[in-house]
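# Fold and contact review
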Amino acid sequence: MRLLTHSKATGSTERVGRTQSNIGVLYWYFGEYDKALDYLQHALRVAELCRDITWINSTRMNIGNVYANAGDDVRALEYLYKGFAEAEKNTPGATAVIASFLMNIANVFHRMGDYGQALEYHLRSLALREEIGARQYIATSLMNIGIVYKENGQNEFGLNYLLRGLDMYNDIGAEGEKSRCLVNLANVENSLGHPDAAQQYAEQCLDICANNGDKRTASYALHTLGRVWYIRGDNDTALNLF
């Protein structure tokens, strides 16, 4: 807030707007969505006055994602669709940005349970990312597609995409993302009735989490291990893990 006060004192509308952007993103991370939207909406108006396409795109995407996190899927799609259309029209060379809009639209449909639309947008995003060779983003798209297939009951397709994502995460050494891919692979293997494979993936995930302190992903891995032992009929071990 001190930075915002200082920005206002300079008399620079652009500087105030950019400070509001940063404050809005911080409130989003803290889960204070109303405050985040208030600051980001102000920032968007300034970005539009400045005609800064890159800033407009990033702010629209942030607002869409805040609405999605707040559970307002209709408003989320409104901002993400508008941002996607304008990015495609005004910055056709910004392939990475367009791919990010597509991925975020897919994520909203995923949360809504519309797996067909989610897959369509994820696959379009993946194609663009493969076009520009953004390997970490390609791996993320592969993982997201695998998760959607799994939740749609298409476990074999999900397994294929998740394994492709895991291979790429191994190649680029992205341990944090790899741990999330591993726990999703463990969930797929449980659904396929392969508890031994599920245990292997979940334990690999826990090893990574022990090193990087990611308790959230570790909790998912422990829950998945609980399912492994439940499938095996050992309810006491399963309950302890849960």
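The text that follows walks through the structure, step by step, so that each part is easy to find.

### Here we look at the state of the cysteines
All chains considered together, the criterion is met by zero disulfides. Cysteine Cys-205 is unpaired, with the sulfur of Cys-209 as its nearest cysteine sulfur at 4.0 Å. Cys-205 gets classed as buried once you look at its relative accessible area, which sits at 0%. Look at Cys-209 and you get buried, because its relative accessible area is 4%.

### Examining the packing of aromatic side chains
As enumerated under the stated definition, the model contains seven aromatic pairs in all. Here Trp-28 and Tyr-29 contribute two aromatic rings whose centre-to-centre distance is 5.6 Å and whose plane-to-plane angle is 35 degrees, an arrangement assigned as tilted. Judged by relative accessible area, which is 15%, Trp-28 ranks as buried. Measuring from ring centre to ring centre gives 5.2 Å for Tyr-149 and Phe-157, while their planes differ by 25 degrees; the resulting arrangement is stacked. When its relative accessible area of 12% is taken as the criterion, Tyr-149 is described as buried. With a relative accessible area of 46%, Phe-157 lands in the partly exposed category. Here the aromatic residues Tyr-81, Phe-109 and Tyr-121 are joined through ring pairs into a cluster of three or more.

### Here's the deal with the pattern of salt bridges
Evaluation of the coordinates by the stated rule reveals 11 salt bridges. Residues Asp-214 and Arg-180 are paired through a salt bridge, measuring 3.8 Å at the closest nitrogen-oxygen approach. With Asp-214 in the loop between helix 11 (195–212) and helix 12 (215–231) and Arg-180 in helix 10 (residues 175–191), the pair connects residues that are 34 residues apart, well separated along the chain. A relative accessible area of 18% means that Asp-214 is categorised as buried. For Arg-180, a relative accessible area of 33% translates into the label partly exposed.

### Description of the environment of Asp-214
Considering only alpha carbons, one finds Asp-214 and Leu-126, 88 residues apart in sequence, at a separation of 27 Å. In contact with Asp-214, other than residues within four places in its own chain, are Ser-179, Arg-180 and Cys-209. Only 3.3 Å separates the side chain of Asp-214 from the backbone nitrogen of Arg-216, close enough to count as a polar contact.

### A few points about the nonpolar core
Ile-63, Ile-105, Leu-162, Cys-181 and Leu-185 are the most contacted members of the largest nonpolar core, which totals 68 residues. At eight residues, helix 8 (residues 135–151) tops the list of elements feeding residues into this core. In contact with Ile-105, other than residues within four places in its own chain, are Leu-77, Leu-80, Tyr-81, Phe-84 and Tyr-121.

### Side note on unusual backbone geometry
In this structure, Arg-51 is a non-glycine residue whose phi angle is positive, near 55 degrees. Inspection of the secondary structure assignment puts Arg-51 in the loop between helix 3 (33–50) and helix 4 (53–69). Given the relative accessible area of 72%, Arg-51 is considered exposed.

### Remarks on helix 6 (residues 95–112)
An α-helical turn contains 3.6 residues, so any two residues separated by three or four positions project in the same direction. If you check helix 6, its first and last C-alpha atoms are 26 Å apart, about what 18 residues at 1.5 Å a residue would give, namely 26 Å. Counting buried residues in helix 6 gives 14 out of 18 residues, a clear majority hidden from the surface.

### Thoughts on the side chain of Ser-141
Within the element layout of this structure, Ser-141 appears in helix 8. The exposure class of Ser-141 is buried, given its relative accessible area of 0%. Among the polar contacts listed, one links the side chain of Ser-141 to the side chain of Arg-129, at a separation of 2.9 Å. Ignoring anything within four residues of it in the chain, the contact list for Ser-141 reads Ser-125, Leu-126 and Arg-129.

### Points about helix 2 (residues 13–29)
Helix length check: helix 2, at 17 residues, gives a terminal C-alpha distance of 25 Å against a target of 24 Å (1.5 Å per residue), a fit within 8%. Of the residues making up helix 2, those classed as buried are Val-16, Gly-17, Thr-19, Gln-20, Ser-21, Ile-23, Gly-24, Val-25, Tyr-27 and Trp-28. Backbone geometry just after helix 2 places Gly-31 at a positive phi near 80 degrees.

### Digging into a nonpolar patch on the surface
Residues Leu-26, Tyr-29 and Phe-30 make up a contiguous nonpolar surface patch of roughly 390 Å² in combined accessible area. Relative to the helices and strands, Leu-26 resides in helix 2. Judged by its relative accessible area of 45%, Leu-26 is partly exposed.

Calculation criteria
Residues numbered from 1 in each chain as written. Predicted model: local features only at pLDDT ≥ 70, side-chain atom pairs only at ≥ 80, totals over all residues. Heavy atoms only, no water. Disulfide = S-S within 2.5 Å. Buried < 20%, exposed > 50% of the residue type's maximum accessible area, 1.4 Å probe, protein only. Phe/Tyr/Trp six-rings, centres within 6.5 Å; stacked < 30°, edge-to-face > 60°. Salt bridge = Lys/Arg side-chain N within 4 Å of Asp/Glu carboxyl O. Helix = DSSP H or I, 4+ residues; strand = E, 2+ residues; numbered from the N terminus. Contact = heavy atoms within 4.5 Å. Polar contact = N/O pair within 3.5 Å; in protein donor to acceptor, adjacent residues only side chain to side chain. Core = buried A, V, L, I, M, F, W, Y, C linked by side-chain atoms within 4.5 Å. Expected span 1.5 Å × (residues − 1). Patch = residues over 30% accessible without salt bridge, like charges linked within 9 Å, V, L, I, M, F, W, Y side chains within 5 Å. Areas by Shrake-Rupley, 256 points an atom, 1.4 Å probe, with all protein chains shown as cover.

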